[in-house]
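Each chain, written out:
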Amino acid sequence: MSNAEANDVLLSTQIVIEQALQRLGYNKDMIELLKEPMRVLTVRIPVRMDDGTTKVFTGYRSQHNDAVGPTKGGVRFHPMVTENEVKALSIWMSLKCGIADLPYGGGKGGVICDPRTMSFRELERLSRGYVRAVSQIVGPNKDIPAPDVMTNSQIMAWMMDEYSRIREFDSPGFITGKPLVLGGSKGRETATARGVVIMTHEALRLKGIDIKNARIVIQGFGNAGSYLAKFMHEAGARVIGISDVHGALYNKEGLDIEYLLDRRDSFGNVTNLFPQTISNSELLELECDVLVPAAIENQITELNAPKIRAAIVVEAANGPTTLEATKILTDRGILLIPDVLASAGGVIVSYFEWVQNNQGYYWDEHEIDVKLKLMMVRGFEHVYEIHRTRKVDMRLAAYMAGVRKLAEAVRFRGWV
């Protein structure tokens, strides 16, 4: 496999999906159906900018497969969004839902834009325009969006309001990750990070390492990365390295996490306030117990995988490790907790939010945390058991665990 193939997130996802289905004994017809989304919509969104001009944005919504139930997945606003990326992310969401045993297929959306250069009102007009553009294929029982990269609870609120106007009734179950006052769930904002912490605890236990004073390196200081640093610090671990788009900070004795959280801006930037920084590539190669890539795709490749000095790699981001790098890390005895397992906390608590919206009864944070831990640990044990008994790497084990429910739903429906 060439470097280009390894770094193509859709192609690498399809390769592992095919391997997983073959290992599970499904035929080529099932592979043909599940390797691509069933539905992908491309939309053009005209937005009146503050200066009076109209800018046209391109957006996407991918629905991988709805054999299990409605599709579910975030919407990202980012200048580097591509159709293939959105398609791959929707497949990963199917796998996350399968591992967590949720009644969903995977969905994903994105708009090519840079929110950092847009005003509050421009973002509102874009958010509402996106919902109008995709409104025919989304809904509480069709496809349920959520926050993702560079989107937040405010953007979800605008989207829910626009959908409710179109449908002419209040539809809190249309979208998750909303503000609490609009039917959001307690624990949703921190859910991805809490799930990663639960997976880190399980991985450290397997390796016989105490969380107290365990050395943690986190690439990325956005929503997931910053909460992760906070929770790890509170658990007694030493967070010795963090990074953002500008660079990275390192202190072998442990960083002052509370100070960094206080100084970070809304996009997770903080290193630009410090004169002495290291590069992101140097951060990834620091000696530590746990390395958490919580930024973007293709950060650990065949070039730097031999230099990784962590006992455990926990993927909080989507697709941070290429297939070739996965093999290298596995061969070196590094325990890899793949993204479709490690970052499933977000969709699990989104499911809780949807359930609460549908029944009109809301749970306290303790109940959310207990249910989240139960589902995450159950998913981890299932994936690790497949890894151990089937002698496959953790990524393939996770794909096998995640795709089985979907394939069985397809089979029972008679689609293949």
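See the structure shown above.
The sections below set out a description of the structure shown in this document. (Residues numbered from 1 in each chain as written. Predicted model: local features only at pLDDT ≥ 70, side-chain atom pairs only at ≥ 80, totals over all residues. Heavy atoms only, no water.)

## Here's the deal with the overall build of the protein chain
A count of helical and extended segments in the protein chain gives 15 helices and 12 strands. For a compact globule of 416 residues, the expected C-alpha radius of gyration is about 22 Å, and the protein chain comes in at 20 Å, within 12% of that figure. Seen through its principal axes, the protein chain has C-alpha atoms that stretch 55 × 55 × 45 Å. A buried classification covers 58% of the 416 residues belonging to the protein chain. Residue pairs at least 24 apart in sequence account for 69% of intrachain contacts in the protein chain once pairs closer than 6 positions are excluded. Total accessible area on the protein chain is roughly 17200 Å²; 49% of this is exposed by carbon and sulfur atoms. Of the side-chain charges in the protein chain, 49 are positive and 50 negative, and the distance between the mean point of each set is 3 Å. (Helix = DSSP H or I, 4+ residues; strand = E, 2+ residues; numbered from the N terminus. Rg over C-alpha atoms; globule rule 2.2 N^0.38 Å. Buried < 20%, exposed > 50% of the residue type's maximum accessible area, 1.4 Å probe, protein only. Contact = heavy atoms within 4.5 Å. Areas by Shrake-Rupley, 256 points an atom, 1.4 Å probe, with all protein chains shown as cover. Lys, Arg positive; Asp, Glu negative; His and termini not counted. Charge placed at Lys NZ, Arg CZ, Asp CG, Glu CD.)

## Describing the pattern of salt bridges
Inspection of every chain in the model, using the stated rule, returns 29 salt bridges. With a closest N to O distance of 3.9 Å, R194 and D369 form a salt bridge. Of the two residues, R194 is situated in helix α7 (residues 191-207) and D369 in helix α14 (residues 365-390); the sequence distance between them amounts to 175 residues. Overall, the relative accessible area of 28% leaves D369 in the partly exposed class. The closest approach of N and O atoms between R411 and E408, which form a salt bridge, is 2.6 Å. Of the two residues, R411 and E408 are both situated in helix α15 (residues 394-413); the distance of 3 residues between them amounts to about one turn of the helix. R411 sits in the partly exposed class, given a relative accessible area of 40%. (Salt bridge = Lys/Arg side-chain N within 4 Å of Asp/Glu carboxyl O.)

## Focus on a nonpolar patch on the surface
There is a patch of nonpolar side chains on the surface, built from M38, W415 and V416 and spanning about 250 Å² of accessible area. Tracing the backbone through its elements, the reader meets M38 in the loop between α3 (28-34) and β1 (39-48). (Patch = residues over 30% accessible without salt bridge, like charges linked within 9 Å, V, L, I, M, F, W, Y side chains within 5 Å.)

## Some details on the sheet that holds strand β7 (residues 215-219)
Backbone-to-backbone hydrogen bonds join strands into a sheet, with any given pair of strands oriented parallel or antiparallel. Pairing is mixed in the open sheet, where 6 strands are placed in the order β9-β8-β7-β10-β11-β12. The sheet is open, and its two borders are formed by β9 (247-250) and β12 (335-337), each paired with just one other strand. Looking at each pair of strands side by side, their axes are set apart by 20 degrees on average, direction ignored. Here 3 bridges tie strand β11 (residues 309-314) to β12, and the two strands are oriented parallel to one another. (Pairing = 2+ DSSP bridges. Axes fitted to C-alpha atoms, helices over the stretch in contact; angles between N-to-C directions.)

## A few points about the packing of α7 against helix α8 (residues 223-234)
The geometry of α7 relative to α8 is characterised by a closest axis approach of 8 Å and an angle of 50 degrees between their N-to-C directions. Between α7 and α8, the angle is such that the two are oblique. Two packed elements cross with a definite hand, and for α7 against α8 that hand is right-handed. Here α7 contributes T192, A193, R194, V196, V197 and T200 to the contact with α8, which in turn contributes A224, Y227, L228, F231 and M232. (Parallel < 35°, antiparallel > 145°, perpendicular 65-115°, else oblique. Left-handed = near helix turned anticlockwise from the far one by under 90°.)

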